Amino acid sequence: MTAPDHGLVLGKFYPPHAGHHHLIRTARAGCRRLTVLVSHATVENIPLATRMAWLQEAHPDVRVIGTVDDVHMDLNDEAIWQAHVAIFKAAVPERIDALFTSESYGPELARRLGAVHIEVDQDRGAFPVSGTKVRADPVGSWDYLEGPVRAGLALRVVALGAESTGTTTIAEALAAHYRERGGVWSLTRSVEEYGRAFSEEKLLALRAERPDATWGDVRFATEDFPLIAERQHELEERAVRLGGPVLFCDTDAFATTVWHERYMGGRNPAIDAVADRVAHDLYLLTDHEGVPFEDDGLRSDEHLRPWMTARFAAELERTGRRYVRLRGPHAERLERAVEAVDALIAKGWHFTQPLPEYR
């Protein structure tokens, strides 16, 4: 039997889950080219562009397009049927040879689109999950989410602070704490600070020319900092796609804006552009008070720590970022941080209700 030339998969993908991916991959294997149509209602609060990007990342060999469909579903209403079909045909005007669905209405929709219907796992036996279940319990459904969707839904927590104030310690301790909860929490990750690796490379390069060089001899250029911010962002995006419902970051691109001030004496808009790409849900500002300054060979200017702490706090306030200031010994800081992260988790994820469906 000759494979259909043009196949179609359509749905809300609110949000995409393992069942959707199974449907798309099955369809892609069953036709020469595949279009995935994301049908978005304006009441839904995951943007259409976001869902399209998630699907395109997960399925780079298919065409993903989107349409706005503010008509509710009613399988017993002819006018509703005609309205939906008109929207679908306007979005995909070319010939559709095969419609792949996991829905009972698939055969009728295929007939109206002039296509063959190919059913894929209608009883959800392969992946017992639905968009409704994911929206109701993202953590309980985490195993059914692929990397791009995890990246979009994971809560991101950033530890930031002046030199030698314990940002690495608190980020790693938090990741270890949540991994101990087991289940999907065992996937919890922390993202290391790329700026430190960059600094080590700077010092090593200088010592290749001057073996007696120390950290005090290293000089930064303003163009170093957007590079650091980009690399930090890349590390974070890689980790969040493999991790659990919460990701812990030892600094981020936003923190790099203040580090640029500390070394270069002003702002660099290129760093702000990186910092604004992804929203972080909570910042943990590690106070310098009560934390001994440890010179590990890549640190200097202990006297600047109060200024750095104040600048981080001021920028967090100015930009409206949610943050908690951590003070006292490590045990107290960890306890306070866990309380703040637990409150963030308890607040959970908010999804608006989709349009009603009458089947």
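In this text the structure is predicted, and so the values were computed from the model without any measurement.

*Asks:* Please clarify how the sheet that holds strand E11 (residues 323–326) should be interpreted in this entry.
*Replies:* Picture the strands of a sheet paired through backbone hydrogen bonds; they go either parallel or antiparallel. What the five strands build is an open sheet, ordered E8-E9-E7-E10-E11; its pairing is parallel. Of all the strands in the sheet, the pair left with one neighbour each is strand E8 (189–191) and E11. Averaged over all neighbouring strand pairs, the angle between strand axes comes to 20 degrees, with direction disregarded. By the bridge criterion, five bridges tie strand E7 (residues 155–161) to strand E10 (residues 282–286) in an arrangement that is parallel. Of the residues in E10, the one forming a bridge with Ala159 is Leu284. This element, helix H7 (residues 167–179), spans E7, E8, strand E9 (246–250), E10 and E11 of the sheet and lies at about 160 degrees to E9.

*Asks:* Looking at this model, I keep getting lost on helix H1 (residues 18–29). Mind explaining?
*Replies:* Quick reminder: α-helices carry 3.6 residues per turn. Residues three or four places apart thus point the same way. The terminal C-alpha atoms of H1, which comprises 12 residues, lie 16 Å apart, in line with the 16 Å expected from a rise of 1.5 Å per residue. Along its buried surface, H1 packs onto strand E1 (6–11), strand E2 (33–40), helix H2 (48–58) and strand E5 (98–101).

*Asks:* I'm lost on the packing of helix H8 (residues 194–209) against helix H9 (residues 224–242) in this one. Help?
*Replies:* Two quantities define a packed helix pair, namely the angle between the axes and the distance from one axis to the other. Two elements in contact, H8 and H9, have axes separated by 9 Å at closest approach and are oriented at 130 degrees. Between H8 and H9, the angle falls in the class oblique. As H8 runs across H9, the sense of the crossing is right-handed. Counting all contacts with H8, which are made through Tyr194, Gly195, Phe198 and Lys202, the residues of H9 involved are Asp224, Leu227, Ile228, Arg231, Gln232 and Leu235. Residues belonging to the contact of H8 with H9 are distributed by class as follows: five nonpolar, two polar and three charged.

*Asks:* Please explain the packing of aromatic side chains as it appears in this structure.
*Replies:* Aromatic ring pairs: the centre-centre distance and the angle between the two ring planes describe each pair. Scanning the entire structure with this criterion turns up 11 aromatic pairs. Relative to Phe220, the ring of Phe198 lies with its centre 6.4 Å away and its plane at 25 degrees, an arrangement referred to as stacked. Of the two residues, Phe198 sits in helix H8 while Phe220 sits in the loop between H8 and H9, which places them 22 residues apart along the sequence. Residue class for Phe220 comes out buried when judged on its relative accessible area of 15%. Taking the centre distance of 5.6 Å and the plane angle of 45 degrees together, the rings of Phe220 and Phe225 count as tilted.

*Asks:* Could you clarify how one ought to interpret the pattern of salt bridges in this entry?
*Replies:* Pairing between side chains becomes possible if they bear opposite charge and their charged atoms approach one another. Under the counting rule described, the total for this entry stands at 33 salt bridges. We note a salt bridge from Arg112 to Glu108, for which the minimum N-O separation is 2.7 Å. Of this pair, Arg112 and Glu108 both sit in helix H4 (residues 106–113), four residues apart, which is roughly one turn of that helix. Arg267 is paired through a salt bridge with Glu315; the nearest N and O atoms lie 3.4 Å apart. One end of the pair, Arg267, is in the loop between helix H10 (253–264) and helix H11 (269–275); the other, Glu315, is in helix H12 (residues 305–318), and 48 residues separate them in sequence. Classification of Arg267 as partly exposed rests on a relative accessible area of 35%. Three or more residues joined by partner-sharing salt bridges are found here, namely Glu261, Arg267, Asp272, Arg311, Glu315 and Arg318.

*Asks:* Explanation requested: helix H13 (residues 330–347) in the structure shown.
*Replies:* Spanning 18 residues, H13 covers 26 Å between terminal C-alpha atoms, matching the ideal 26 Å at 1.5 Å per step. The complete set of buried residues in H13 reads Arg333, Ala337, Val338, Ala340, Val341, Leu344 and Ile345. End-on, the buried residues of H13 take up no more than an arc of 165 degrees, which puts them together on one face. Exposed residues pointing more than 90 degrees away from the buried face of H13 are listed as Ala331, Glu335, Ala346 and Lys347. Structurally, H13 contributes buried residues whose contacts are with E7, H7, E9, E10 and E11. Positive phi shows up at Gly348, right after H13, with a value of about 75 degrees.

*Asks:* Please explain the pairing of E9 as it appears in this structure.
*Replies:* A regular strand places its side chains so that they alternate between the two faces of the sheet. Taking burial as the measure, the five residues of E9 include five buried ones, the bulk of the element. The alternating pattern of E9 places Val246, Phe248 and Asp250 and Leu247 and Cys249 on opposite faces, both of which are buried. Examined bridge by bridge, E7 and E9 share five bridges and lie parallel to one another. Along E9, the bridge assignment pairs Val157 with Phe248. Pairing analysis gives three bridges linking E8 to E9, with the strands arranged parallel. Its bridge partner being in E9, Ser190 is matched across the sheet by Phe248.

So, how was this worked out
Residues numbered from 1 in each chain as written. Predicted model: local features only at pLDDT ≥ 70, side-chain atom pairs only at ≥ 80, totals over all residues. Heavy atoms only, no water. Pairing = 2+ DSSP bridges. Helix = DSSP H or I, 4+ residues; strand = E, 2+ residues; numbered from the N terminus. Axes fitted to C-alpha atoms, helices over the stretch in contact; angles between N-to-C directions. Contact = heavy atoms within 4.5 Å. Expected span 1.5 Å × (residues − 1). Parallel < 35°, antiparallel > 145°, perpendicular 65-115°, else oblique. Left-handed = near helix turned anticlockwise from the far one by under 90°. Nonpolar A, V, L, I, M, F, W, Y, C, P; charged D, E, K, R; others polar. Phe/Tyr/Trp six-rings, centres within 6.5 Å; stacked < 30°, edge-to-face > 60°. Buried < 20%, exposed > 50% of the residue type's maximum accessible area, 1.4 Å probe, protein only. Salt bridge = Lys/Arg side-chain N within 4 Å of Asp/Glu carboxyl O. Arc of directions from axis to C-beta.

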